[in-house]
Amino acid sequence: MTEAGYTTAARTSEFAFVAQESLAIPMFSVLAQDGTACCGADLSVVEQTVALRIYQAMLFTRVLDERMVAAQRQGRISFYLTSTGEEAASVASAAALSDQDMLMAQYREQGALALRGFSSEQFMNQLFSNELDLGKGRQMPVHYGCKALHYMTVSSPLATQIPQAVGYAYGQKLAAGEHVTLCYFGEGAASEGDFHAALNFAAVLRAPVIFFCRNNGYAISTPAEEQYAGDGIAARGVGYGLQTIRVDGNDALAVYLATQKARAYAIEHCAPVLIEAMSYRLGAHSTSDDPSGYRSKDEEQKWREYDPLVRLRAWLYRQQWWSEAEDKALDESLRAEMLAAMKVAEKIPKPKLRELVTDVYDTPSVELRRQQEDLEQHLKRYPEHYPRTAGRA
Ligand SMILES: Cc1ncc(C[n+]2csc(CCOP(=O)(O)OP(=O)(O)O)c2C)c(N)n1
């Protein structure tokens, strides 16, 4: 803690470096894998409707991911990113917010969007870039955005959403509203300069933003131990002067409770909070990646035993809030729903070519118009290389 640049720390003539181990940040956890409460946790504070809402959105996300990886393998969509093994982190954190709070995502947080009510049809329209896609087919698949659900459109360059989230949250502070912004990113994105600038900016300006780091162990093929030497991402929160908590990211209830407290703190004190959720990316980085080139099957298998869906489901069964029969029925109906939505979405035409530039600027610039004409000429010259609907006026 400093005041006008001076530290208030006690003085000492005894020389000692501060050992990193002495500051190791513990991990908040409330559920064991068998669905029993752990670490002396009192789970009576979790409401049945909330727990079921979280579980159902997690299952929705798991089924969506499985279905869409298959669709990519069949050549029906070009690209996909699963959140398998990490569903608790995005879904349960979003469940602790008000639906009006802004979400700024990286690209692996489809669970948060599902929880807010983005439908199978909306997911499919975006993934098939058809004319009903809210982004008019201008984004890569999985780079969702939905103004009505307060979900900012995902950007491809890593970490750009982090300073943007601070700016947005600062705006919320100036508007004196009772809302926060929650910003998701991976531990890999936390290596970008944008992350550091954002944390400092948020702490000094006291912006009501929750930085939510999904530490899933890898940035594509780079394991966490090759990304940083300190105590994960949480230690950086402390360093920048933020309230910080490390949470078990495979424990949906711990994530939910931690985010609830973080939100209350951010609003009450008008200040940022950092949450580091420890998890594991069970799937490939994306459908363009093959993890067998950089990690062992044994390692993946070990983490399968901490599956967040299995853990929450076991607790719901024990509570008698959910049954095996209900689980099977929901799983089957979600599979049927996804398949039906996919079949419809892939037949809907692509957006018209001119929509690439309409509603971007009031009046398209000369360069933009020239590029559009070039594109039209190109499509006329090489029609055999493009889908039949490409280039329709
Ligand atoms: C500025 C920038 N650099 C590199 C990339 C390529 N890239 C895309 S995802 C990724 C790894 C990110 O890892 P992490 O933040 O841990 O998220 P995860 O994929 O593990 O969820 C990289 C390097 C990019 N998109 N943008």
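Residues numbered from 1 in each chain as written. Predicted model: local features only at pLDDT ≥ 70, side-chain atom pairs only at ≥ 80, totals over all residues. Heavy atoms only, no water.

- Going by what an unreviewed UniProt entry lists, the protein chain is known as 2-oxoisovalerate dehydrogenase subunit alpha and is assigned to Corallincola holothuriorum.
- Annotation of the protein chain in UniProt includes, under Catalytic activity (unreviewed entry), the sentence "N(6)-[(R)-lipoyl]-L-lysyl-[protein] + 3-methyl-2-oxobutanoate + H(+) = N(6)-[(R)-S(8)-2-methylpropanoyldihydrolipoyl]-L-lysyl-[protein] + CO2".
- In its Function (unreviewed entry) section, the UniProt entry covering the protein chain states "The branched-chain alpha-keto dehydrogenase complex catalyzes the overall conversion of alpha-keto acids to acyl-CoA and CO(2). It contains multiple copies of three enzymatic components: branched-chain alpha-keto acid decarboxylase (E1), lipoamide acyltransferase (E2) and lipoamide dehydrogenase (E3)." (UniProt positions renumbered as here; feature names shortened; annotations may be inferred.)

**As for the site of the ligand**
And step 1. Around the ligand, 17 residues are found, and the nearest of them are Y107, R108, G188, A189 and Y218.
And step 2. The separation between an oxygen atom of the ligand and a polar side-chain atom of H285 is 3.3 Å.
And step 3. Burial of the ligand by the protein amounts to 73% of the accessible area it has alone, namely 590 Å².
And step 4. Across the shell around the ligand, the residue classes tally to seven nonpolar, six polar and four charged. (Near = heavy atom within 4 Å. Polar contact = N/O pair within 3.5 Å; in protein donor to acceptor, adjacent residues only side chain to side chain. Areas by Shrake-Rupley, 256 points an atom, 1.4 Å probe, with all protein chains shown as cover. Nonpolar A, V, L, I, M, F, W, Y, C, P; charged D, E, K, R; others polar.)

**With respect to the UniProt feature "domain: Dehydrogenase E1 component" (unreviewed entry) in the protein chain**
And step 1. In this structure's numbering, the residues bearing the UniProt feature "domain: Dehydrogenase E1 component" (unreviewed entry) are residues 56–352.
And step 2. Helix makes up 45% of residues 56–352 and strand 11%, whereas the separation of the span's terminal C-alpha atoms amounts to 36 Å. (Helix = DSSP H or I, 4+ residues; strand = E, 2+ residues; numbered from the N terminus.)

**Things to note about the environment of T153**
And step 1. Following the sequence through the fold, T153 ends up in the loop between β5 (151–152) and α5 (161–174).
And step 2. Residue T153 is classed as partly exposed on the basis of its relative accessible area, which comes to 38%.
And step 3. A sequence separation of 22 residues divides T153 from E131, and the C-alpha atoms of the two residues are 17 Å apart.
And step 4. Residues contacting T153, with those up to four places away along its chain left out, are Q139, H143, Y144 and G145. (Buried < 20%, exposed > 50% of the residue type's maximum accessible area, 1.4 Å probe, protein only. Contact = heavy atoms within 4.5 Å.)

**What to know about the packing of aromatic side chains**
And step 1. Summed over the entire model, instances satisfying the criterion amount to 13 aromatic pairs.
And step 2. Residues F118 and Y144 carry aromatic rings whose centres are separated by 6.0 Å and whose planes lie at 70° to one another, so their mutual orientation is edge-to-face. With F118 in the loop between α3 (110–115) and α4 (120–127) and Y144 in the loop between α4 and β5, this residue pair connects regions lying 26 residues apart in the sequence.
And step 3. For F118, a relative accessible area of 4% corresponds to the buried category. (Phe/Tyr/Trp six-rings, centres within 6.5 Å; stacked < 30°, edge-to-face > 60°.)

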